[in-house]
Every structure is written in C-alpha cells, then in structure tokens.
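Now for the letters of each chain:
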Amino acid sequence: MSSPETDPGTGPEDGPSEDLPVVAPQLRALRRRAGLTLEAAARAAGLSPAHLSRLETGRRQPSLPMLLALARIYGTTVSELLGETVADRDAVVRAADMEPTRAGGWAYWQAGGAGRGMQALRVHIPYGTQGDIVRVHPGEEWLYVLKGRLRLRLGDSTHVLAPGDSAHFDSLTPHRLAAADHGGTELLFVHTLLQSPTAALCLGPTPGEMP
C-alpha cells in the first residue's frame, strides 16, 4: 500500500482518522495479544515507537503497506486489524458486499474470504501516494493491472505494467508500487499471509528511490 521506515513527524495525516475509526484500538489490542511491546513491534515494522503510538491512539492514519506489515507481525489479517468480521467463510464474495476501505490514500476492497492463507484485494492507488515505500517480507505476491499503468520496482529493476499485465514475485525481493499515470491505477492483488506472531519474520525496509 515516508515508508514503514521512519517517523515523519506531524503532518497532514495527524489527527483522528474518520476513515478508519476502529483501527487504533485494534492495533493496540492485537499487539498485546501477540505479546509484543510497543518498541518491539515498531522495530519489526520499521517504525519509530512514537509513530506506532500515534497509530494506536488514532492520531495518525496507517497506510495499506503498514497494515500489511503489522498484520504479519501480529499473526493476523488486515481484515481483523480493521475490525471487519464475516459470519462464515463463504466461497463467493458479491460485488454489492464489497465496501471500500481507505488507508494512506489507497482504496481497497476485500475480494476474498477472511481468515484464509492468502488475501485477495482490489486496490486503487492514486498518483503520488506511497510511492516511496519499499517493502520486504516473507511470502509471495501476485498482481494484475485492471486500469491505468502501474510502476513496479523489484530489486534494482523498474517495470511499467499496462492493463492486462501481471506480476508474480517473492516478497523478500524489495518491491514498491506506485501509479504511473495521474489518473491512478487499479489492480487485483493477492498475497500470502504468514500466520505467525514472530516479529523477526518481518524484515525492515530497503532504502531507494523510484526513478
């Protein structure tokens, strides 16, 4: 989905979030359930303790990549971090039941069932949002571009994907997603979820710049 990286301090995202009202208490509760201190969880996610504290108190809104990283650290899913629940594991997800969630400028829709070994999302990435985030973590990711063009950085290579293009890669390869066009880009996104609270499984970000 500054990177999970450094604490950028105060800024336009500070202040209570109206988009994600249940995230703050969920973040704190799930961190405690995983048996992690604020300092240990922040270090594993590449955040400063002060930044994570602001997320847990609702004074800062997490980006989607941050939610993905914290979900892996806490051994849970983004759905649980957002306080979303489902009655059962239905095999079919109806379009009418997909409610968009916004995080860090991104918008995404759950396209699969909760509590599974992998998570499927439909994601909209506006131009200029989260373009500096580099992610490194265990697992695999697959994406398929629906609209617009996606700028994908994998390691030292940069690719521009057009509608109909796809990518499937090891998530331990440093990677970054950004919209290549001012109209943004929309994609299908599937990633594996490692259901483990072991903080060491989440590696820190890799610095770099998107050309």
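Attention in this report is confined to the structure presented alongside it. (Residues numbered from 1 in each chain as written. Predicted model: local features only at pLDDT ≥ 70, side-chain atom pairs only at ≥ 80, totals over all residues. Heavy atoms only, no water.)

Turning to the sheet that holds strand 6 (residues 157-161), a few remarks are in order. The strand order across the open sheet built from three strands is 6-5-8, with neighbouring strands paired in antiparallel fashion. Edge strands, defined here as strands with exactly one partner in the open sheet, are strand 6 and strand 8 (175-179). With direction set aside, neighbouring strand axes in the sheet form an average angle of 20 degrees. The sheet contact formed by strand 5 (residues 150-154) and strand 8 spans five bridges and is antiparallel. (Pairing = 2+ DSSP bridges. Helix = DSSP H or I, 4+ residues; strand = E, 2+ residues; numbered from the N terminus. Axes fitted to C-alpha atoms, helices over the stretch in contact; angles between N-to-C directions.)

At a minimum axis distance of 8 Å, the contact between helix 2 (residues 38-45) and helix 3 (residues 49-56) shows a crossing angle of 105 degrees. Between helix 2 and helix 3, the angle is such that the two are roughly perpendicular. Across the interface between the two elements, L38, E39, A41 and A42 of helix 2 pack against P49, L52, S53 and E56 of helix 3. For the contact of helix 2 with helix 3, the class distribution of residues is five nonpolar, one polar and two charged. (Parallel < 35°, antiparallel > 145°, perpendicular 65-115°, else oblique. Contact = heavy atoms within 4.5 Å. Nonpolar A, V, L, I, M, F, W, Y, C, P; charged D, E, K, R; others polar.)

With that out of the way, let us pick up the pattern of salt bridges. Counted under the stated rule, the structure contains four salt bridges. When the shortest N-O distance is used, the salt bridge between E56 and R31 registers 2.6 Å. Separated by 25 residues along the polypeptide, E56 in helix 3 and R31 in helix 1 (residues 23-33) bring together distant segments of the chain. Here E56 matches R31 in class, with each residue buried. One continuous salt-bridge network, built from bridges that share partners, spans R28, R31 and E56. (Salt bridge = Lys/Arg side-chain N within 4 Å of Asp/Glu carboxyl O. Buried < 20%, exposed > 50% of the residue type's maximum accessible area, 1.4 Å probe, protein only.)

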